[in-house]
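# Close look at the chain arrangement
The lines below spell out each chain.
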Amino acid sequence: MLISYIRVGEHREARPPSSGGGWIVDGETFRRLANMEIQKAQRLRYCVSLLCIAADRKSPDGEEPAAASLAERMAPLVRSTDVVNCWATPCLGMMLVDADLVTLPSIVDRLTTRLEMFLWSAGGASYPKTATHADHLFSQAEQMMTQAQGDGGERLYLPT
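Residues numbered from 1 in each chain as written. Predicted model: local features only at pLDDT ≥ 70, side-chain atom pairs only at ≥ 80, totals over all residues. Heavy atoms only, no water.

This brings us to the environment of Trp 23. Tracing the backbone through its elements, the reader meets Trp 23 in strand β1 (residues 23-25). Sequence separation between Trp 23 and Ala 75 is 52 residues, and the spatial gap between their C-alpha atoms is 6.7 Å. (Helix = DSSP H or I, 4+ residues; strand = E, 2+ residues; numbered from the N terminus.)

Before going further, it helps to spend a moment on the pairing of strand β3 (residues 83-86). Relative to β3, β1 is paired through 3 bridges, and the arrangement is parallel. Bridge pairing links Ile 24 to Val 84 in β3. As paired strands, β3 and strand β4 (residues 91-97) are joined by 4 bridges and run antiparallel to one another. Looking across to β4, one finds that Cys 86 is bridged to Leu 92. Between β3 and β4, which follow one another and run antiparallel, lie 4 residues. (Pairing = 2+ DSSP bridges.)

This part takes up the nonpolar core. Residues Leu 51, Val 84, Met 94, Leu 96 and Leu 111 are the most contacted members of the largest nonpolar core, which totals 25 residues. Among the secondary structure elements, those contributing two or more residues to this core are β2 (48-57), α2 (67-74), β4, α3 (104-111) and β5 (118-127). Ranked by residues supplied to this core, first place goes to α3 with 4 residues. For Val 84, the residues in contact, after removing those within four places along its chain, are Trp 23, Ile 24, Val 25, Phe 30, Ala 71, Ala 75, Val 78, Leu 92, Gly 93 and Met 94. Ranked by size, the runner-up nonpolar core spans 23 residues in total, among them Tyr 46, Leu 50, Val 83 and Trp 87. (Core = buried A, V, L, I, M, F, W, Y, C linked by side-chain atoms within 4.5 Å. Buried < 20%, exposed > 50% of the residue type's maximum accessible area, 1.4 Å probe, protein only. Contact = heavy atoms within 4.5 Å.)

With that out of the way, let us pick up the pattern of salt bridges. All chains considered together, the criterion is met by 3 salt bridges. Between Glu 28 and Arg 32 there is a salt bridge, with its nearest N and O atoms 2.2 Å apart. In this pair, Glu 28 and Arg 32 both sit in helix α1 (residues 27-44), 4 residues apart, roughly one turn of the helix. When its relative accessible area of 31% is taken as the criterion, Arg 32 is described as partly exposed. Where Lys 40 meets Glu 37, a salt bridge forms, and the shortest distance between an N and an O atom there is 3.8 Å. Placement of the pair is Lys 40 and Glu 37 together in helix α1, with a separation of 3 residues, close to one helical turn. (Salt bridge = Lys/Arg side-chain N within 4 Å of Asp/Glu carboxyl O.)

Here's what the structure looks like:
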């Protein structure tokens, strides 16, 4: 087993939370943290949700969204226990600790107020309600987001 530690300031992709906000981390760190958090949630019996949010231009002449700036906009809106990651441009992954599937719509409502100039689409999944492993959470959240995009955006899809 490989163990690595990240010191804030030494890793350019890991930034501490702004006042009360979530951490912005790179993709590898995001996956490791999700795996560890789900293992911990299994022992301590709490939920962990994954949220995927994509942003597209509302019109052909509209501003092109950048994943890094979206992450900077969203991180202050989540708790310090939560983690934000830039996925494929322009898409964000968010790990929300102790956020149940039923709370995701209100969380997305709060987050998308920062995306009013973009056409957004979101998908989510939650341990233990819809998946039992991190890989399943990632694929479910991404699949739900892709389906929301295909259906015109401005919506959140969750697995049933």
